[in-house]
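Each chain is listed here by its residues.
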Amino acid sequence: EAAVTQSPRNKVAVTGGKVTLSCNQTNNHNNMYWYRQDTGHGLRLIHYSYGAGSTEKGDIPDGYKASRPSQENFSLILELATPSQTSVYFCASGDGGREQYFGPGTRLTVL
Amino acid sequence: GDSVTQTEGQVTVSESKSLIINCTYSATSIAYPNLFWYVRYPGEGLQLLLKVITAGQKGSSRGFEATYNKETTSFHLQKASVQESDSAVYYCAPGTQVVGQLTFGSGTRLQVYA
């Protein structure tokens, strides 16, 4: 069965600190995605990747970097975390325009 | 965002009654999309409910149906008779065909009571 895992599941960070959120998929999908979800909003796309070594900007990339070192792993990096980045972050994998499989989410609080 | 508009907030329905959750998308922002409905049940992760990739066709799953209407750029979710177990948050999400980027609506929380 499709599996997308995320770590950590919960994170508390300080303003100005560096945060790395990790995602792993065992679906062998080419595409991976990072979204954030805020109260009262749907998920918004931050970065995505077509495959190992590629990263592309989504709709709200400012303040975030991404890294895709392998087919299985996709990281989201906040170099200088700010309180406005407090949110729930979801990773997903998929192929082309077909279904995406989502991870359980990471709750990030920036103090 | 503005590209996708769906019934906002919470919808409360009595068990066995019919349901419609509206969804429209902007054709200028999302041309020729694949259309998806995702659902999050309490305590569970986000999962696909149904999808349609061809205009004019209908998708169905768990008693829910949605028809891809290209003329009205809509993909409303309907169910003839809801059950308590349908209580969840539903998201309309048009996606691009090649890259597969999804644009999510704000979500509709369905509460079904007995």
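Each value, and the rule that gives it
- Throughout this description, residue numbers start from 1 for each chain and increase along the sequence as written.
- Each chain gets a letter, beginning with A, and each ligand a number, beginning with 1, in the order they are written.
- Since the coordinates come from a predicted model, pLDDT governs what is reported: local features require at least 70, and pairs of side-chain atoms require 80 or more to be given and counted, while whole-chain, interface and lining totals use all residues.
- The side-chain numbers reported here are obtained from all heavy atoms of the structure, hydrogens and water having been left aside.
- Helix numbers and strand numbers start at the N terminus; a helix is a DSSP run of H or I with at least 4 residues, a strand a run of E with at least 2.
- Burial classes: relative accessible area under 20% of the type maximum marks a residue as buried, over 50% as exposed, and values in between as partly exposed (1.4 Å probe, protein chains only).
- Side-chain atoms alone can form a polar contact between residues adjacent in sequence; in general such a contact is a pair of N or O atoms within 3.5 Å, and within protein one must be able to donate a hydrogen while the other accepts it.
- By the convention used here, residues are in contact when the closest approach between their heavy atoms is within 4.5 Å.
- Nonpolar cores were defined as sets of buried Ala, Val, Leu, Ile, Met, Phe, Trp, Tyr and Cys residues, with membership established by side-chain atoms within 4.5 Å.
- Buried area, as used here, totals the accessible surface that two parts lose on assembly, with accessibility defined by a 1.4 Å probe and the loss added over both.
- The working definition used for a salt bridge is a side-chain nitrogen of Lys or Arg within 4 Å of a carboxyl oxygen of Asp or Glu.
- Residues are grouped as follows: Ala, Val, Leu, Ile, Met, Phe, Trp, Tyr, Cys and Pro are nonpolar; Asp, Glu, Lys and Arg are charged; all remaining types, including Gly, are polar.
- Whether two strands pair comes down to DSSP finding at least two bridges between them.
- Angles run from 0 to 180 degrees between N-to-C directions of axes, and those axes are lines fitted to C-alpha atoms, restricted for helices to the stretch in contact.

## Some remarks on the side chain of Asp 86 of chain B
Residues and elements named next belong to chain B.
Part 1 of the argument: Mapped onto the secondary structure, Asp 86 falls in the loop between β9 (77-79) and β10 (88-95).
Part 2 of the argument: Taking relative accessible area as the criterion, Asp 86 reaches 5% and is therefore assigned buried.
Part 3 of the argument: Separated by 2.7 Å, the side chains of Asp 86 and Lys 79 make a polar contact.
Part 4 of the argument: Not counting residues up to four positions away in its chain, the partners in contact with Asp 86 are Phe 64, Lys 79, Leu 110 and Val 112.

## Some points on the nonpolar core
Part 1 of the argument: Counting 26 residues, the largest nonpolar core has Leu 19, Trp 37, Leu 49, Leu 50, Phe 75, Leu 77 and Tyr 90 of chain B as the members making the most contacts within it.
Part 2 of the argument: If we skip the residues at most four places from it in the chain, Leu 77 of chain B touches Leu 19, Ile 20, Ile 21, Trp 37, Leu 49, Leu 50, Phe 64, Glu 65, Ala 66 and Tyr 90 of chain B.

## Overview of the interface of chain A and chain B
When the parts of a complex come together, some accessible area is lost, and that lost area is often used as the size of the interface.
Part 1 of the argument: Taken together, the contact pairs 18 residues of chain A with 18 residues of chain B.
Part 2 of the argument: Counting the surface chain A buries against chain B, the share from its top three residues, Gly 97, Glu 99 and Phe 102 of chain A, is 31%.
Part 3 of the argument: If you look at where chain A meets chain B, you find zero salt bridges.
Part 4 of the argument: Secondary-structure elements contributing two or more residues to the side of chain A that touches chain B are β4 (31-37), β5 (43-49) and β10 (100-102) of chain A.
Part 5 of the argument: Tallied by class, residues from the side of chain A that touches chain B come to eight nonpolar, eight polar and two charged.

## Description of the environment of Gly 17 of chain A
Residue and element names in this part refer to chain A.
Part 1 of the argument: Looking at where Gly 17 falls in the secondary structure, it is placed in the loop between β2 (10-13) and β3 (19-25).
Part 2 of the argument: In the structure, Gly 17 is positioned 44 residues away from Pro 61 in sequence and 18 Å away in space, judged by C-alpha atoms.
Part 3 of the argument: Apart from the residues within four sequence positions on either side, Gly 17 is in contact with Leu 78, Glu 79, Leu 80 and Ala 81.

## Looking at the sheet that holds β3 of chain A
Residues and elements named next belong to chain A.
Part 1 of the argument: If you trace the four strands from one edge of the open sheet to the other, you get β1-β3-β8-β7, paired in antiparallel fashion. Lying at the two open borders of the sheet, with one neighbouring strand each, are β1 (4-7) and β7 (65-67). The mean inter-strand angle of the sheet, taken between neighbouring strand axes irrespective of direction, is 20°.
Part 2 of the argument: Pairing geometry for β1 and β3, over four bridges, is antiparallel. Bridging from a neighbouring strand, Thr 5 pairs with Asn 24 of β3.

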